[in-house]
Structures are given as structure tokens and as C-alpha cells.
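Geometric and topological summary
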Amino acid sequence: MPTNLPPEYFDAEKRYKAAESDLERIAALEEMLSKIPKHKGTDKLRADYRRRLSKLKISAKSKKQTGKRNSAFRVPREGPGQVVVVGFSNVGKSALVARLTNATPEVADTPFTTWQPSPGMMPVENVQIQLVDTPPLDRDYLEPELFDLIRRADIILLVVDLQTYPLQQLEGTVAVLREHLIAPKHLEAADSDGSGLVYVPLLVLVNKCDGDGCDEVFEVFCELLEGDWPLLAVSVETGYNLEILKHYIFEQLDIVRIYSKMPGKEPDLETPFVMRGRPTLEEFASKIHHDFYTNLKSARVWGSTTFDGQQVNRDYVLQDGDVVELKI
Ligand SMILES: Nc1nc2c(ncn2[C@@H]2O[C@H](COP(=O)(O)OP(=O)(O)OP(=O)(O)O)[C@@H](O)[C@H]2O)c(=O)[nH]1
Ligand SMILES: [Mg+2]
């Protein structure tokens, strides 16, 4: 055993020995490998570990194929939209979800910390939007179900680290997504070979925009970037631009908040019914209760495009902030 191994190697080795699953063993072994200095004296050790790693990966894959599907990768939707945070390792995905939501995913400066998706709810204005942290996409073995989750996302937040080759990270992440038939929505019109692809709205978050000279580095990044990308420089650490991010997500989801009112009573303006797009009165009624949908006699609306208490039809298109009184 070479004597010049760093302490991080031994931490990873401890995790390897304590691991209870192949996936944990793979993560620990990958980290051990990345911590071994590359020189002649370590050639044999590294080759031996690589062999062990590939055996483990084959075993993990075959177990996956025969075993039952991994339910941790099926994240039930909550709230008006599911926003999935993706990117390479160590870019700050978990830190972002931990900062903006009630979830507490592990944040660490060692690579490959996150193993499973974990959702949290992010308050924006008076609604809660779901953000989902995910394992890094630069891992050798990736759960196919991870891509099902990303494919169904309402918005993908693609995080890169401004301080570590952000351009390569962006290209690399987009390439991994594309291999799994996921592409950014804004490229759809120009895509000449888009057969089979699912286009998902995507925002690039250029994280770790803190520290000396980060504005200039961000400028250079933008200059080198080809094409028009929706992107936002942020710092999870300092909170820079995170309010803008929250409102961007809110706008992108096209959220419409409707407040219901009982006849003769004041509306409850604290807790809206949250819908998206251009919901009709009928759709709102069915969201409240099936009886309202089937037996609706009349409805009145207080809102920006109506006069107070105006009677409306079932096909009236509701606006954000409308107060609705249903009668059955
Ligand atoms: N300077 C700086 N460091 C940050 C920022 N955001 C996250 N970090 C640090 O970056 C490291 C990695 O953060 P994580 O949130 O664990 O990264 P991740 O993308 O979830 O990593 P994986 O789970 O391995 O995919 C941690 O040490 C964080 O404290 C930031 O805005 N600025
Ligand atoms: Mg993480």
C-alpha cells in the first residue's frame, strides 16, 4: 500500500467497508480511486480498484434488471409543478434545495454525495413549489428512473459551478440528458434531429458566483457560450439572485391563484387554490369538489377583469387573484 495517500482516501475507504449496498460501495470506491495520486507506484493499486469497480457495476446493473424498481426515484408530485435540479457532482444542487426548501439533503465538498432524489417545498409568494434534488449526472452508473423523473419535470434547473469549468459542465450535462432523449425546450425549433426527444423547459444556473472576480468570469462564460441560453448567475452561499430565481420559476409555471368565497362571507386570501395556464370556472369547480362541477348553478367573480361580483359562465377563464363564489 503506497504511503502517500491523503486522509480523504481513508475516509472513503471507511465508507467502502461500512457500505451496505453495491451502489454505496461503487460511490466509495470511485472516491477512493479519485484520491489516489497518479504515479508508477500506484499503478497496480489503481488497476486493481478499477477491476473491482467494474465488477461491482455489472453486479449492480444485473440486480437492477432483475430486482424491483427503485421507488426513491419516483417522486410524487406536490403543489403546482415539479422542478428538478440536475448537474454534475459538487456544483451545489443539494445546497440549493436545502437553502430554498424545507428539505435537508446532505451538502458536502466531496464528490458524489447525493444518491437518491429528494424533494422539498419552496415557498414563493403564497404558494409552495416542489424542488427535487438529484444524484450527479457525471457518475458512471445512473439509474434509468432518474431520467424518467427529469423527463417529466415541469422545469429543469441545470446547475454548473462557475469556479470549475462551467462551460464543459454545461456541455457535458446537456450531452448526458440528450443521450437519454431529453433536450432543452428552447432548442426545439432549431433542432434538426429531434426525433424521439422530449423537450423540457430548462434554466441554466451558474452557481458559486461569489468570491473575487466572479462577475468577470461569468462574463467570459457568457461570451464563450454558443447560442442563446436561459441562464442566471446565482450563489447559493450568499443568496445572490435567489429571489429572482424563485420568481422566475413562479412565472414559468404560469401559476393562477384562485380564492374561494362562501356566499355572504369574506374570502380566505391566505390559501389559494393553485392552478396553471388558463383554467376555466368549470375546471376550478371540479378541483374544489365533484359536486360543484356537476351541480353548479351560478358563480360570481371579483377580479381584475370583472366588475365586483360579476356573474360568469362555466367557460369563463379565471385570472390570477380572482375571488370566486360558487353556488350549487
Ligand atoms: N462558494 C460556494 N460554494 C458553494 C455554493 N453552493 C454550494 N457550495 C459548496 O459546494 C460543495 C458541493 O455542494 P453540494 O450541494 O453538496 O453539491 P451537489 O451538486 O449536491 O453534489 P453531489 O451530491 O455530489 O452531486 C459544498 O461544499 C457546498 O458548500 C456557492 O454558491 N458558493
Ligand atoms: Mg448533492
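Refer to the structure above for everything that follows.
In this text the structure is predicted, and so the values were computed from the model without any measurement.

Cut-offs applied
Residues numbered from 1 in each chain as written. Chains lettered and ligands numbered in written order. Predicted model: local features only at pLDDT ≥ 70, side-chain atom pairs only at ≥ 80, totals over all residues. Heavy atoms only, no water. Helix = DSSP H or I, 4+ residues; strand = E, 2+ residues; numbered from the N terminus. Contact = heavy atoms within 4.5 Å. Areas by Shrake-Rupley, 256 points an atom, 1.4 Å probe, with all protein chains shown as cover. Lys, Arg positive; Asp, Glu negative; His and termini not counted. Charge placed at Lys NZ, Arg CZ, Asp CG, Glu CD. Buried < 20%, exposed > 50% of the residue type's maximum accessible area, 1.4 Å probe, protein only. Pairing = 2+ DSSP bridges. Phe/Tyr/Trp six-rings, centres within 6.5 Å; stacked < 30°, edge-to-face > 60°. Near = heavy atom within 4 Å. Polar contact = N/O pair within 3.5 Å; in protein donor to acceptor, adjacent residues only side chain to side chain. 1 Å grid on protein atoms, 1.4 Å probe; cavity = no way out; pocket = protein on both sides within 12 Å on 5 of 7 lines; lining within 4 Å. Sits in = over half its atoms within 2 Å of the grid points. Nonpolar A, V, L, I, M, F, W, Y, C, P; charged D, E, K, R; others polar. Patch = residues over 30% accessible without salt bridge, like charges linked within 9 Å, V, L, I, M, F, W, Y side chains within 5 Å. Salt bridge = Lys/Arg side-chain N within 4 Å of Asp/Glu carboxyl O. Disulfide = S-S within 2.5 Å. Axes fitted to C-alpha atoms, helices over the stretch in contact; angles between N-to-C directions.

**Some points on the overall build of the protein**
The number of helices and strands found in the protein is 10 helices and 13 strands. Considered along the principal axes of its C-alpha atoms, the protein spans approximately 85 × 50 × 40 Å. Taking all contacts inside the protein whose residues are at least 6 apart in sequence as the whole, residues at least 24 apart take part in 62%. Of the roughly 17400 Å² that the protein leaves accessible, carbon and sulfur atoms contribute 51%. When the 40 positive and 50 negative side-chain charges of the protein are each reduced to one mean point, those points stand 9 Å apart.

**With respect to the pairing of strand β13 (residues 323–327)**
Across the five residues that make up β13, a large majority, four, are buried. Relative to β13, strand β9 (residues 255–261) runs parallel, the two being bridged by three bridges. Note on β13: the bridge partner recorded for S260 is V324. Where strand β11 (residues 298–302) lies against β13, five bridges are found, and the strand directions are antiparallel. For S298, the partnering residue across the bridge sits in β13 and is K327.

**Some points on the packing of aromatic side chains**
Under the criterion given, the structure shown has three aromatic pairs. Taking the centre distance of 5.1 Å and the plane angle of 85 degrees together, the rings of Y9 and F10 count as edge-to-face. For Y9, a relative accessible area of 0% puts it in the buried group. When the ring of F218 is compared with that of F221, the centres are 6.3 Å apart and the planes differ by 20 degrees; the resulting orientation is stacked.

**Looking at the site of ligand 1**
Near ligand 1 lie 22 residues; those nearest to it are S89, K93, A95, T114 and D210. Residue A108 places a main-chain N or O atom 3.1 Å away from an oxygen atom belonging to ligand 1. In the complex, the protein chains occlude 88% of the 660 Å² of accessible area that ligand 1 would expose alone. Most atoms of ligand 1, that is more than half of them, are within 2 Å of grid points of the largest pocket. At three residues, helix α4 (residues 93–100) tops the list of elements feeding residues into the shell around ligand 1. Of the residues belonging to the shell around ligand 1, the class tally is nine nonpolar, eight polar and five charged.

**Overview of a negative patch on the surface**
A contiguous patch of negative charge, built from D215, E216, E219 and E223, is present on the exposed surface. Along the chain, the position of E223 falls in helix α7 (residues 214–224). Using a relative accessible area of 64% as the deciding quantity, one classes E223 as exposed.

**Focus: the state of the cysteines**
Applying the stated criterion to the full structure yields zero disulfides. Here C209 stays free of any disulfide, with the sulfur of C214 as its closest cysteine sulfur at 3.6 Å.

**Here's the deal with the sheet that holds strand β1 (residues 82–87)**
With mixed pairing, six strands are arranged side by side in an open sheet as β2-β3-β1-β4-β7-β8. For this open sheet the edge positions go to β2 (118–124) and β8 (231–233), each flanked by a neighbour on one side alone. Neighbour-to-neighbour, the strand axes of the sheet open up by a mean angle of 25 degrees, direction not taken into account. Pairing geometry for β2 and strand β3 (residues 127–133), over seven bridges, is antiparallel. Bridging from a neighbouring strand, P119 pairs with V132 of β3. Most of the contacts of α4 go to β3, to which it runs at about 160 degrees, and overall it touches β1, β2, β3, β4 (155–161) and β7 (202–207). Relative to the sheet, helix α6 (residues 166–179) contacts β1, β4 and β7, its axis offset from that of β4 by approximately 145 degrees.

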